[in-house]
Amino acid sequence: MANLQLQHLDKIYPNNVQAVYDFNLDIKDGELIVLVGPSGCGKSTTLRMVAGLEDISAGKLFIDGRDITTMPPKDRDIAMVFQNYALYGHMTVYENMAFSLVLRKENKNVIHQKVLAAAEILGLTDQLNKKPAQLSGGQRQRVAMGRAIVRTPKVFLFDEPLSNLDAKLRGATRREILLLHKKLKATMIYVTHDQTEALTLADRIVCMSMGYVQQIGTPLELYDTPANLFVASFIGLPPMNFFEGRIQNGSFKCDDFSIKADGRYVEILRPYEGKAVVLGVRPENVVSIDGDTEAGNDKETVEIEGGAVKVRISLNENLGQTTLVHGTTGKNRIVCKFREWCDYKAGDEVRVSFDRVHFFDKETTNAIR
Ligand code: ADP
């Protein structure tokens, strides 16, 4: 177990592509950090710099206070689990898990104990004599994790470990990783492009875009107080609805409706008088005021001019407990997530309000708060 400091890390590839800019993070002992962002944002590059598989162009990396910026990967005491498992097909599960320890010339009894203990943790005890080809995708991924566990590394790195699994198995294996983290209490860095994995697994999320860290925080912080438009649109599913408008006489006005700034918004929006801002509303914060869906009492409500925003419905998607209702408020599209079964038809109109809103500076894209 270990703590890590990533200080001002830059990565410039030999072809002059800068993949990571000034990455800073202190990781506490036993923390599970998830790096999340779209493809190409620099997540894997950051992970590979920690593993020592890529040189660090600038900045410093410390484990337990020791500078390992230029240390070769084999000396770093870090284990990495990849998405393609990289198991040896001709070896049994047992041999795959034992392999790194055999290379290290560990004592045979020690190896045996470690493999059995890891197999027990991962529920692989009955599979030890099988070859990888005889296993399911989920079991193979567990063997790959077992190979990391037997080494009792200081840090576990996961590079999109679930992306080769089908949706059902992805959920199950994700929960196994969470339980594994609780059992091992190990420091882990986990890379994914999937915001659900980030929200469900992370102690803290690092959200990245185009090589830059956009926000670091707990899942709730990123969901509830996104730092900018990028994080607001990336975290949360379906994504947040956005409406471009202006602050005029203390109200937010867009093409389709106006919201009176009251309560805490009066102060925070005052400096934006006359300026372009973006209103953000999560689908789950859109509430019907025509009866069937009620805003929770503990939520803030927003004063909308005329009492409601009118949504012209284009599509009704029933998900069981909730319904996704797609439509327009005029010029803007909107997705509403209502907490019950609805049977709207295309062309129906529903009047809605919002029980939580976010404002962003259109120019800087930063949250206004
Ligand atoms: P992610 O893991 O978020 O998908 P990567 O870290 O793999 O992103 O890539 C970040 C950027 O660096 C991308 O623009 C990618 O094309 C570039 N890149 C990755 N590996 C190399 C490489 N070996 N040489 C040059 N550019 C690379």
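Residues numbered from 1 in each chain as written. Predicted model: local features only at pLDDT ≥ 70, side-chain atom pairs only at ≥ 80, totals over all residues. Heavy atoms only, no water.

**Student:** Is there a simple way to think about the pairing of strand S10 (residues 212-217) in this case?
**Tutor:** Side-chain direction in a regular strand flips from residue to residue, so the side chains alternate between the two faces of the sheet. Across five bridges, strand S9 (residues 204-209) lies against S10 in antiparallel orientation. Following the sheet pairing, Met-208 is matched in S10 by Val-213. Between S9 and S10, which pair antiparallel one after the other, the connecting turn spans two residues, and Met-210 there sits at a positive phi close to 50°. (Pairing = 2+ DSSP bridges. Helix = DSSP H or I, 4+ residues; strand = E, 2+ residues; numbered from the N terminus.)

**Student:** What is the right way to read the pattern of salt bridges from this model?
**Tutor:** Pairs can form between side chains of opposite charge once their charged atoms are near each other. One pass over the full model with this rule turns up 13 salt bridges. Taking the shortest distance from any N to any O, the salt bridge between Glu-31 and Arg-204 comes out at 2.6 Å. Of the two residues, Glu-31 is situated in the loop between strand S2 (18-27) and strand S3 (32-36) and Arg-204 in strand S9; the sequence distance between them amounts to 173 residues. Since its relative accessible area comes to 18%, Arg-204 is described here as buried. The structure contains a network of salt bridges with shared partners spanning Lys-11, Arg-48 and Glu-54. (Salt bridge = Lys/Arg side-chain N within 4 Å of Asp/Glu carboxyl O. Buried < 20%, exposed > 50% of the residue type's maximum accessible area, 1.4 Å probe, protein only.)

**Student:** Help me out: how do you make sense of the site of the ligand in this one?
**Tutor:** Inspection of the region around the ligand gives Tyr-13, Asn-15, Ala-19, Pro-38, Ser-39, Gly-40, Cys-41, Gly-42, Lys-43, Ser-44 and Thr-45 as its neighbouring residues. Separating an oxygen atom of the ligand from a backbone N or O atom of Gly-40 is a distance of 2.6 Å. At 2.7 Å, a side-chain N or O of Ser-44 approaches an oxygen atom of the ligand. Out of a free accessible area of 560 Å², the ligand has 62% covered by protein chains. (Near = heavy atom within 4 Å. Polar contact = N/O pair within 3.5 Å; in protein donor to acceptor, adjacent residues only side chain to side chain. Areas by Shrake-Rupley, 256 points an atom, 1.4 Å probe, with all protein chains shown as cover.)

**Student:** Honestly, the packing of aromatic side chains in this entry has me stumped. Any pointers?
**Tutor:** Remark: the centre distance and the inter-plane angle together describe each pair of aromatic rings, the angle taken between the planes. Per the stated rule, a full pass over the model turns up 13 aromatic pairs. Geometrically, the ring pair formed by Phe-156 and Phe-158 is stacked, given 6.4 Å between the ring centres and 15° between the ring planes. Centre to centre, the rings of Phe-158 and Tyr-190 are 5.7 Å apart; their planes meet at 40°, and the pair counts as tilted. Taken together, the positions of Phe-158 in strand S7 (residues 155-159) and Tyr-190 in strand S8 (residues 187-192) put the pair 32 residues apart, joining distant regions of the chain. With respect to burial, Phe-158 and Tyr-190 carry one shared label: buried. Members of the aromatic cluster, connected to one another through ring pairs, are Phe-243, Phe-252, Phe-257, Tyr-265, Phe-354 and Phe-359. Between the NZ or CZ atom of Lys-275 and the centre of the ring of Tyr-272, over which it lies, the distance is 5.8 Å. (Phe/Tyr/Trp six-rings, centres within 6.5 Å; stacked < 30°, edge-to-face > 60°. Lys NZ or Arg CZ within 6 Å of the ring centre and 35° of its normal.)

**Student:** Before we go on, may I ask you to explain the domain arrangement of the protein in this structure?
**Tutor:** Frequently, the measure chosen for interface size is the accessible area that the parts lose on association. Domain boundaries assigned for the protein yield domain 1 (4-234) and domain 2 (241-361). For domain 1 and domain 2, the distance between their C-alpha centroids amounts to 39 Å. Counting residues at the interface gives nine residues for domain 1, matched by seven residues for domain 2. Summed over both sides, the interface between domain 1 and domain 2 buries roughly 690 Å², with carbon and sulfur atoms accounting for 57% of that surface. Salt-bridge contacts for Asp-224 lead to Arg-356; the nearest nitrogen and oxygen are separated by 3.2 Å. Our count for the contact surface shared by domain 1 and domain 2 stands at three residue pairs in polar contact (both at pLDDT 80 or more). Secondary structure elements with two or more residues in the side of domain 1 that touches domain 2: helix H7 (219-224) and helix H8 (229-234). Here the side of domain 1 that touches domain 2 is composed, by residue class, of five nonpolar, three polar and one charged. (Domains from an automatic or database assignment. Contact = heavy atoms within 4.5 Å. Buried area = accessible area lost by both parts, 1.4 Å probe. Nonpolar A, V, L, I, M, F, W, Y, C, P; charged D, E, K, R; others polar.)

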